Amino acid sequence: MLNDAESGLDDLYREVILDHYKSPRNRGEAPGATLACEGVNPVCGDEIHLSGRTADGKLAELRFFGRGCAISQASASMMTETLAGRTLDEVRRIGESFKRAMKNEPGATMPEENGDLEALEGVKKYPVRIKCALLAWETLAQGLG
Ligand code: ZN
């Protein structure tokens with residue numbers, strides 16, 4: 001969990017994370033799912049179950065449920081919000097850029113498609129929590145193959 005000794009900017013970020021954690025977007029299972037996968041982060045005890053429907057080269061629907069820390073669940077919520085309805089090419093591109101940004105690769109920036117993702121920037125200061133933020137995204141990448 002993010003600690004209390006952070007700046008005001010981090011407090012703002014934390015509010016966005018807690019909002020997604022307490023009110024997850026696209027929670028549940030997608031009806032008629034064509035995609036179902038799950039991932040765990042044993043270091044933190046996080047679990048994410050994803051289900052979705054692909055049609056005409058698009059990720060028509062994407063839902064999740066799970067349990068674990070606020071970062072893992074909030075990141076999953078933001079991911080579904082960011083990716084649902086996009087083409088599979090966009091899904092892969094945005095997923096890759098998120099991963100590169102979280103791993104602090106040179107020149108990598110957070111995807112601009114969802115401003116809430118910026119809130120996860122603060123997590124980069126806690127290397128052990130990066131896996132929490134990446135869990136849903138890596139689970140989806142594996143599920144899409
Ligand atoms: Zn976690």
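Read on for a plain summary of the structure. No experiment lies behind these values; they were computed from the predicted model shown.

**Concerning the coordination of the zinc ion**
Taken together, the protein donors to the zinc ion comprise Cys44 (SG), Asp46 (OD), Asp46 (OD), Cys69 (SG) and Cys132 (SG), at separations of 2.1 to 2.8 Å. One chain supplies every donor to the zinc ion, and in sequence these donors are spaced C-x1-D-x22-C-x62-C. Of this pair, Cys44 sits in the loop between β1 (35–41) and β2 (46–55) while Cys69 sits in the loop between β3 (58–67) and α2 (70–83), and the two are 25 residues apart along the sequence. We classify Cys44 as partly exposed; its relative accessible area is 33%.

**Description of the nonpolar core**
In this structure, Met79, Leu83, Phe98, Met102, Leu120, Trp137 and Leu140 are the most contacted members of the largest nonpolar core, which totals 35 residues. Broken down by secondary-structure element, the contributors of at least two residues to this core are β1, β2, β3, α2, α3 (88–102) and α4 (127–144). Top element by residues in this core is α4. It accounts for 8 residues. Ignoring sequence-local partners within four residues, the contact set of Trp137 consists of Ser75, Met79, Leu83, Ile94, Gly95, Phe98 and Leu117.

**Details of the pattern of salt bridges**
In the structure shown here, the tally under the stated rule is 11 salt bridges. Of the charged contacts, one joins Glu121 and Lys124 as a salt bridge, the two residues approaching to 2.8 Å between their closest N and O atoms. Judged by its relative accessible area of 24%, Glu121 is partly exposed. When salt bridges that share partners are traced, they join Asp19, Arg25 and Glu81 into one network.

**Digging into the sheet that holds β1**
Strand order in the open sheet formed by 3 strands is β1-β2-β3, and the pairing between neighbours is antiparallel. Every other strand in the sheet has two partners, leaving β1 and β3 as the edge strands with one partner each. Along the sheet, successive strands turn relative to each other by an average axial angle of 20 degrees, direction set aside. Pairing geometry for β1 and β2, over 7 bridges, is antiparallel.

The rules we used
- Residues numbered from 1 in each chain as written.
- Predicted model: local features only at pLDDT ≥ 70, side-chain atom pairs only at ≥ 80, totals over all residues.
- Heavy atoms only, no water.
- Donors = N, O, S within 2.8 Å, 3.2 Å for Na, K, Ca; no water.
- Helix = DSSP H or I, 4+ residues; strand = E, 2+ residues; numbered from the N terminus.
- Buried < 20%, exposed > 50% of the residue type's maximum accessible area, 1.4 Å probe, protein only.
- Core = buried A, V, L, I, M, F, W, Y, C linked by side-chain atoms within 4.5 Å.
- Contact = heavy atoms within 4.5 Å.
- Salt bridge = Lys/Arg side-chain N within 4 Å of Asp/Glu carboxyl O.
- Pairing = 2+ DSSP bridges.
- Axes fitted to C-alpha atoms, helices over the stretch in contact; angles between N-to-C directions.

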